[in-house]
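Notes for the structure review
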Amino acid sequence: MKCKGCGVEIQTFNDDVPGYIPADVLERRQKEGKEILCQRCFQLKHYGKFKKERKGVKSLESLKKYLHLAKNVIYVIDIFDFDGTYREEIVELLKEHNIYYVINKVDLVPKEVAPPEIKKWARDRLKVQSTRVKLLSAKVGRGVSSFVKFLKSKKDRRFLVVGVTNVGKSSVLNALTGEGQLTASKYPGTTLELVQLKNEDTGLTLIDTPGIFTNDRVTDLLDPWCQAKIIPQNKLTVTTINAKKDRTVFFSSFVSITVKGYKGRRSPIFHILTSENVVVHETNPEKAEERWSEWFGRFLVPPCGNSGFDNYKFENHQLRLEAGQEIHICGLGWVNVARGPAEFTLKLPESVKWVVRDALIGPYKFKK
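Keep in mind that what you see is a predicted model, and the values were worked out from it rather than measured.

Remember that side chains alternate between the two faces of the sheet whenever the strand is regular. Taking burial as the measure, the five residues of strand β4 (residues 158-162) include four buried ones, the bulk of the element. For strand β1 (residues 72-78) and β4, the ladder comprises four bridges, and the chain directions are parallel. Across the sheet, Asn-72 pairs through a bridge with Phe-159, a residue of β4. The pairing of β4 with strand β6 (residues 204-208) spans four bridges and is parallel. Directly across from Arg-158, in β6, lies its bridge partner Thr-205.

On average, residues of the protein chain score 86 in pLDDT, and 89% of them are at 70 or above. Under a pLDDT of 50 for its full length, residues 182-190 has, in the predicted model, 42 contacts with residues more than four places off or in other chains.

A word on the environment of Lys-134. The topology assignment puts Lys-134 in strand β3 (residues 133-135). Its relative accessible area of 17% is what places Lys-134 among the buried residues. Residues Lys-134 and Lys-119, 15 residues apart in the sequence, show an inter-C-alpha distance of 7.5 Å. Those residues in contact with Lys-134, other than ones at most four positions away along the chain, are Tyr-101, Val-102, Ile-103, Phe-147 and Phe-150.

Counting residues in hydrophobic clusters, the biggest one holds 59 residues, and the most contacted among them are Ile-74, Tyr-75, Phe-82 and Ile-103. Apart from the residues lying within four places of it in its own chain, the contact partners of Tyr-75 are Thr-85, Tyr-86, Arg-87, Ile-90, Val-91, Ile-99, Tyr-100, Tyr-101, Val-102, Val-162 and Gly-163. Of all hydrophobic cores here, the second largest spans 35 residues; its members include Ala-243, Ile-257, Phe-270 and Ala-342.

The next subject is the packing of aromatic side chains. Enumeration over the complete set of coordinates arrives at 19 aromatic pairs. Between Phe-250 and Trp-295, the aromatic rings sit 5.9 Å apart at their centres with planes inclined by 80°, giving edge-to-face as the arrangement. Placement of the pair is Phe-250 in strand β8 (residues 247-251) and Trp-295 in helix α10 (residues 285-295), with a sequence separation of 45 residues. Their ring planes at 80° and their centres at 5.2 Å tell us that Phe-254 and Tyr-312 sit as a pair that is edge-to-face. Taken together, the residues Phe-254 in the loop between β8 and β9 (255-259) and Tyr-312 in the loop between α10 and β12 (314-321) connect sequence positions 58 residues apart. These aromatic residues form a ring-pair network of at least three members: Phe-250, Phe-254, Trp-292, Trp-295, Phe-296, Phe-299, Phe-309, Tyr-312 and Phe-314. One Lys or Arg, Lys-134, reaches over the ring of Phe-150 and ends 3.9 Å from the middle of that ring.

Calculation rules
Residues numbered from 1 in each chain as written. Predicted model: local features only at pLDDT ≥ 70, side-chain atom pairs only at ≥ 80, totals over all residues. Heavy atoms only, no water. Buried < 20%, exposed > 50% of the residue type's maximum accessible area, 1.4 Å probe, protein only. Helix = DSSP H or I, 4+ residues; strand = E, 2+ residues; numbered from the N terminus. Pairing = 2+ DSSP bridges. pLDDT = per-residue confidence, 0-100. Contact = heavy atoms within 4.5 Å. Core = buried A, V, L, I, M, F, W, Y, C linked by side-chain atoms within 4.5 Å. Phe/Tyr/Trp six-rings, centres within 6.5 Å; stacked < 30°, edge-to-face > 60°. Lys NZ or Arg CZ within 6 Å of the ring centre and 35° of its normal.

See the structure below:
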């Protein structure tokens, strides 16, 4: 018997091992005909409590053993963390499969960007046909019915569902099936083993796979509780900086952006888009250098609490961006240039991936 929430085999002998449920609870729920959830999933679903398992994290290698289960693949990508959750190594692994890309959490994107603009941008980033890109918001149900209709149109209705941690994969599956069977949470690695969902009404078989852990996003520097806190729940916050003089902007504790400013109508203007629980703070470069370690994990969040500045190895990058370009800091958000050129010194931990890309949000979308 497997847990309906995370796919792990149910057991009653060790509460430190995945799949545990007390024997008396298991017996009672079986007699009452209620769903069988392991203790971990039950506490997540009903109380929002998270217990990190000792079981090893899932890697790309572990995904290989599931590839034979379906020829069609739904690859879930988080629009907020596009370059952190779209991984070329996953696509390479799936090169013999039919991949359909679900861009989840589109409800987070500011209203200034229309869905057709998001889709075109994602299609261009992925370099695939438009029919293989689907916009979705599992949270508010946007795009769900049209995607189900699309899946039903396929002759082969069996789909493997993949993605890295924190993309909302289980929420997407619950939305597509119209059920709440899978345990969905803000914590990474909620699904531990394979879970197969069959929907008799649609004829779809959706096979959920454990989220693949990464090691190059800002979220990867945080414990699960802090990760859950900074995952955006509402529209992304927008902080606008008009650099009429040299300024340093802290983007959480982990990223500082020092921009070369100048007076006049053509001073650089850029926007920082991130979660509502991430601190963005502007100051002068001298004060920034002096106070960074003091503010780290205290005033500047994340991390969510005291943490050692000296525990991280930082590196500098000199950049020049034009209007219509942006820097994506994986797991954290974007720096979007509205008026350029903008000359930046970007300082962040060496392990964190960052990408300069064409902007999702055009330079004239926000009022200057």
